[in-house]
Amino acid sequence: MRDPDDHYAALGVDPAATREEIREAWRFHLTAFHPDRFRDPTQRSRAEEITKAANAAWQVLGDTGRRRRYDLRRGDGDGAAPVQAPPAPRMRELPCPSCATRSRVPDAGGRVVQLACPGCGDTFPAMIGARCVGRPRLDKRWLGLRYQAVFADEEGRLSTVEFRRLPVELALTEGERLSIVFHARRARPVYAILHGAGLDLGWRVR
Ligand SMILES: [Zn+2]
């Protein structure tokens, strides 16, 4: 569990991050986790917590003097650089497309991996921790409308995911970190999960 008062963790930035990097992370959290994006009451209240924590973090880390005092406290006030724990692999919480059981899996840097559900035993593909590129494009087909969204993995390889329907709240904006859970047997997306600040909030998609 992360320390609720860890302002760096609240914004998902390194303690050595520049003020500009911190500001960008703060703005990202305000957009990506705007409570109006979540209709589900539980998700909405989690989104409210995330934006509240992000604002609290920016109030401290965005102010040079306050940040210095905060860093000193983190380092037990001895003036030395804060001791950093080795970075733990980021875990993502993803629902099973068949039974919705959630499991925690390590981030795959945007690659597609095969997962096994601990609940029902189904295996299903999931693209874990991909970065959204641009905005989804609406495509008219003879079968109807399709949204084409482009995602990048950490090596910059692009892949396109097709959605029949996207919830309006799932705006999919540039730079957002997402995982897409696919149907166990058919190659179509079932869940889109947005990642930030150690929390994963998802939508059912088609
Ligand atoms: Zn399952």
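Everything here concerns the structure above.
Residues numbered from 1 in each chain as written. Predicted model: local features only at pLDDT ≥ 70, side-chain atom pairs only at ≥ 80, totals over all residues. Heavy atoms only, no water.

J.: How should I be thinking about the overall build of the protein in this particular structure?
T.: Each helix and strand counted, the protein has four helices and nine strands in total. Going residue by residue from the N terminus, the α and β elements of the protein occur as α-α-α-α-β-β-β-β-β-β-β-β-β. Taking 2.2 N^0.38 as the reference for a compact globule, 206 residues should give roughly 17 Å; the C-alpha atoms of the protein span a radius of gyration of 18 Å, in line with that estimate. The dimensions of the protein, computed from C-alpha atoms along their principal axes, are 65 × 35 × 35 Å. When burial is assessed residue by residue, the protein has 43% of its 206 residues classed as buried. For the protein, the exposed area adds up to about 11,800 Å²; of that, 50% sits on carbon and sulfur atoms. Distance between charge centroids for the protein: 7 Å, based on 35 positive and 27 negative side chains. (Helix = DSSP H or I, 4+ residues; strand = E, 2+ residues; numbered from the N terminus. Rg over C-alpha atoms; globule rule 2.2 N^0.38 Å. Buried < 20%, exposed > 50% of the residue type's maximum accessible area, 1.4 Å probe, protein only. Areas by Shrake-Rupley, 256 points an atom, 1.4 Å probe, with all protein chains shown as cover. Lys, Arg positive; Asp, Glu negative; His and termini not counted. Charge placed at Lys NZ, Arg CZ, Asp CG, Glu CD.)

J.: Can you walk me through the pattern of salt bridges in this structure?
T.: Two side chains that carry opposite charge are able to pair once their charged atoms sit near each other. All told, the structure shown has 12 salt bridges when counted by the stated rule. Salt-bridge contacts for R23 lead to E20; the nearest nitrogen and oxygen are separated by 3.5 Å. Remark: E20 and R23 occur in helix α2 (residues 19-32); sequence separation between them is three residues, near one turn of the helix. By relative accessible area, R23 is classed as partly exposed at 30%. (Salt bridge = Lys/Arg side-chain N within 4 Å of Asp/Glu carboxyl O.)

J.: Explanation requested: the side chain of S179 in the structure shown.
T.: With respect to the helices and strands, S179 occurs in strand β7 (residues 177-182). A polar contact of 3.0 Å, which involves the side chain of S179, links it to the backbone nitrogen of G129. Apart from the residues within four sequence positions on either side, S179 is in contact with L94, M127, I128, G129, Y191, A192, I193 and H195. (Polar contact = N/O pair within 3.5 Å; in protein donor to acceptor, adjacent residues only side chain to side chain. Contact = heavy atoms within 4.5 Å.)

J.: Got a minute to help me understand helix α4 (residues 64-74) in this structure?
T.: Residues G65, R67, Y70 and D71 constitute the buried set of α4. Residues of α4 that are buried in the fold lie against α1 (7-11), α2 and α3 (41-61). Structurally, the start of α4 carries an N-cap: the backbone nitrogen of G65 is 3.1 Å from a side-chain oxygen of D63.

J.: Would you explain the packing of α2 against α3 in this entry?
T.: The relative placement of two packed helices comes down to the angle between their axes together with the axis-to-axis distance. The N-to-C vectors of α2 and α3 enclose an angle of 160°; their axes lie 9 Å apart at closest approach. As summarised for this structure, α2 and α3 are arranged roughly antiparallel, according to the angle between their axes. As for the relative orientation of α2 and α3, their crossing is left-handed in sense. Residue-level inspection shows R19, I22, R23, W26, H29 and L30 of α2 in contact with α3, the latter providing I50, T51, A54, N55, W58 and L61. (Axes fitted to C-alpha atoms, helices over the stretch in contact; angles between N-to-C directions. Parallel < 35°, antiparallel > 145°, perpendicular 65-115°, else oblique. Left-handed = near helix turned anticlockwise from the far one by under 90°.)

J.: Explain the nonpolar core here, please?
T.: The nonpolar side chains of a soluble globular protein tend to be buried with one another. The biggest cluster of nonpolar side chains holds 24 residues, and the ones touching the most others in it are F151, F163, L170, L172, L178 and I180. Every element with two or more residues in this core is listed here: α3, β4 (123-141), β5 (144-152), β6 (158-163), β7, β8 (189-196) and β9 (199-204). Setting aside anything within four residues of it in sequence, one finds L170 in contact with R37, L178, A192, W203 and V205. (Core = buried A, V, L, I, M, F, W, Y, C linked by side-chain atoms within 4.5 Å.)

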